[in-house]
Amino acid sequence: MSRLEAKKPLLFISEPLTEDTVSQSLSLLSGILKSCYGPAGRLKQLHNGVGGYVCTTSQSSAILRCISVSHPVLSVLTASVQNHISRFSDCGLFTAILCCSLIENLKSLNVASCTVIKISKHLLSLCMDYLKSEACGCRVSVDFSSLQTLLCLVRSVLTSKPACMLNKPEVDHLTTLILKAFMFTVPCHVETNAVLGKCVIVPVKGRRVVDSTVLPGLLIETPEIQLAKPLAVKRTCSNMIKIALFCVSMSGDLFSPEEGTITVHHGISLEMLELNQLLNVGKQLVNDEVGLVVCQKVIHPSLKQYLKENHVIAVDRAGLSLMEPLSRMTGSKPIASIHSLSPSCYGSLKDVRMESFASKHFLHLIPNDAVVCSLVLCNRNETAWDELKRVCETAEHVLQLTIKEPLALLGGGCTETHLASYIRHKSCSLSTSSFKDMDCSQTQYRLVADGFCRSLESVACSLNHDGGEILTDMAYGHCWFVPSGFPSVSNWSDVVSKCGCGINGNTENLNWRLLQGQFGSPIIQGCPKDPSVKVADFLTLDCFAAKCSGLQVALETANLILDLSYVIKDQN
């Protein structure tokens, strides 16, 4: 008998943030994420040690899913960011970088963590109140009667991920397609509880991006249906196509042993009984004038042939992912048993056609009301297509969030630097009673406020990957990027043309300061209400809901980590 190993005691780690390994790991994670940030972000190749699939990306969702962290502090940080991404899809890198910067800047202050947390919560409330106020100088109202702002929002998402390998005409083409696809999912008749439809992405790899297109309805790949043959489909007297949707196998499979035992009389063939039942279902479908049968699983060849002879199109192996949009688009109810078939389960379609993309053949189901659409997404190779698919899904989610809250924030680092200027301005004018309420001194408040502002500015600085200087103007508090190669003593008016978001051009006598400086200047006025540039061509925007959530998650997670006194670890 082998000797049992004695149970190890729990490991208590006090003040985990003071450990060198934690600081080094946090700095490494921050560096990886900062290097991915923005349109010029550097790509990462993610793969395991034994080979297999290689992911080339700069997206936080893919990076955080693939990297493993061992320390509990980092696990808390990555779990918080991943939870944010699961809810909003966008601003994951912003959230993670800001959280890392807040931890690094605030833990180095000679201020008690409880005081730091009280002050940072107050700073967060100032930011959120300002962002949600009409006086906010870094937000833009989204007018759904005009496409300009919506196009800017989608284009900003697409251009933020260089691994998609898109040029300007491809970005413009996809921006229009994504917005068109989203409009298909918006119901024409608004009800009290309106629900958006669904956009299904159809993969076509190895083709040009400009070959991508969007179609109302659903595309189902059907390699066995020949494109050359015209579709002979049965229609009702009202010229509609009746559809039956099955979520149960129609292959004639017998009972599995897990379902129990059955007694069979001598001379009875279970296979023939099952096939006869399937053919009876087929006869009822024909009698009920069904023109299209879609099965999630497999249809028996004999049933397929019978349906075909009666001008009923049969499609099997549709898969689980298409069941919900099919049901919603056609009004049909998925049929879960071949032994009980009710005509009330049928749905209807306007038309059925054949479509071909590259070497693939699809059955195109055209609905009466297009609340479901298919985005045929093309890209040159599998790696670029995978990245583009994630970006398109993010863009669609951003539009869904925007229709609920029709606002956007200025991108290109301008919201971060504008907020930092606003907080510095507010911290200079705070009343004495406010310091008493937070149980802190004015010096402590300003130290924490400065650390908070430097953290915001560090996110804006992360957009620069080429070594040039980064400026902020004294009037609007926006972010300006100087091309690399110019000395720091340059006349900045000669080397910058527009701010990071594109709303302000260098048309005024603006004064700038280097963003890396420790102390900033208060903001004097907000963003101009009527920008001199064309919004549709130049404006970089971020999702309002996603960025506001990212700001809250980053600060709350940083506060949680700063408040950690012990880590208790089970070593067994």
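Quick look at the structure, then. (Residues numbered from 1 in each chain as written. Predicted model: local features only at pLDDT ≥ 70, side-chain atom pairs only at ≥ 80, totals over all residues. Heavy atoms only, no water.)

1. Quick word on the nonpolar core
When a protein is soluble and globular, its nonpolar side chains tend to lie buried together.
Then, in step 1: Formed by 125 residues in total, the largest nonpolar core has its most connected members in Leu77, Leu123, Leu131, Leu410, Ile423, Tyr445 and Leu551.
Then, in step 2: Residue contacts for Leu77: discarding those within four places in its chain leaves Leu26, Leu29, Cys99, Cys100, Ile103, Thr557 and Ile561.
Then, in step 3: Of all hydrophobic cores here, the second largest spans 24 residues; its members include Leu292, Leu322, Met323 and Leu363. (Core = buried A, V, L, I, M, F, W, Y, C linked by side-chain atoms within 4.5 Å. Buried < 20%, exposed > 50% of the residue type's maximum accessible area, 1.4 Å probe, protein only. Contact = heavy atoms within 4.5 Å.)

2. Quick notes on the state of the cysteines
A covalent bond between the sulfur atoms of two cysteines is referred to as a disulfide.
Then, in step 1: In the structure shown here, the tally under the stated rule is zero disulfides.
Then, in step 2: Cysteine Cys127 remains unbridged, with the sulfur of Cys453 as its closest cysteine sulfur at 7.7 Å.
Then, in step 3: Overall, Cys127 belongs to the buried group, its relative accessible area being 0%.
Then, in step 4: Here Cys295 is not cross-linked by a disulfide; its sulfur's nearest cysteine counterpart is in Cys247, at 8.4 Å.
Then, in step 5: With relative accessibility at 0%, the residue Cys295 sits in the buried group. (Disulfide = S-S within 2.5 Å.)

3. So, the pairing of strand β2 (residues 44-48)
Then, in step 1: Sheet topology note: the β2/strand β3 (residues 51-57) ladder contains four bridges and is antiparallel. From the neighbouring strand, Asn48 faces β3, where its bridge partner is Gly51. (Pairing = 2+ DSSP bridges. Helix = DSSP H or I, 4+ residues; strand = E, 2+ residues; numbered from the N terminus.)

4. Describing the packing of helix α4 (residues 92-107) against helix α14 (residues 442-461)
Then, in step 1: With their axes 9 Å apart at the nearest point, α4 and α14 run at an angle of 145° to one another. Of the two possible hands of crossing, α4 and α14 adopt the one that is right-handed. Across from Phe94, Ile97, Leu98, Ser101, Leu102, Asn105 and Leu106 in α4, the residues of α14 making contact are Val448, Gly451, Phe452, Arg454, Ser455, Leu456, Ser458 and Val459. (Axes fitted to C-alpha atoms, helices over the stretch in contact; angles between N-to-C directions. Left-handed = near helix turned anticlockwise from the far one by under 90°.)

5. A short note on the sheet that holds strand β5 (residues 198-205)
Then, in step 1: Read from one edge to the other, the open sheet built from three strands follows the order β5-β14-β6, with strand pairing classed as mixed. One side of each edge strand has no neighbouring strand; the edge strands of this open sheet are β5 and β6 (213-216). For this sheet the average axis-to-axis angle between neighbouring strands, irrespective of direction, equals 20°.
Then, in step 2: As defined by bridge partners, β6 adjoins strand β14 (residues 372-379) across four bridges and the pair is classed as antiparallel. Of the residues in β14, the one forming a bridge with Leu215 is Ser374.
Then, in step 3: Against the sheet, helix α7 (residues 168-185) engages β5, β6 and β14, with an angle of about 15° to β6.

None of this, on its own, says anything about what the molecule does.
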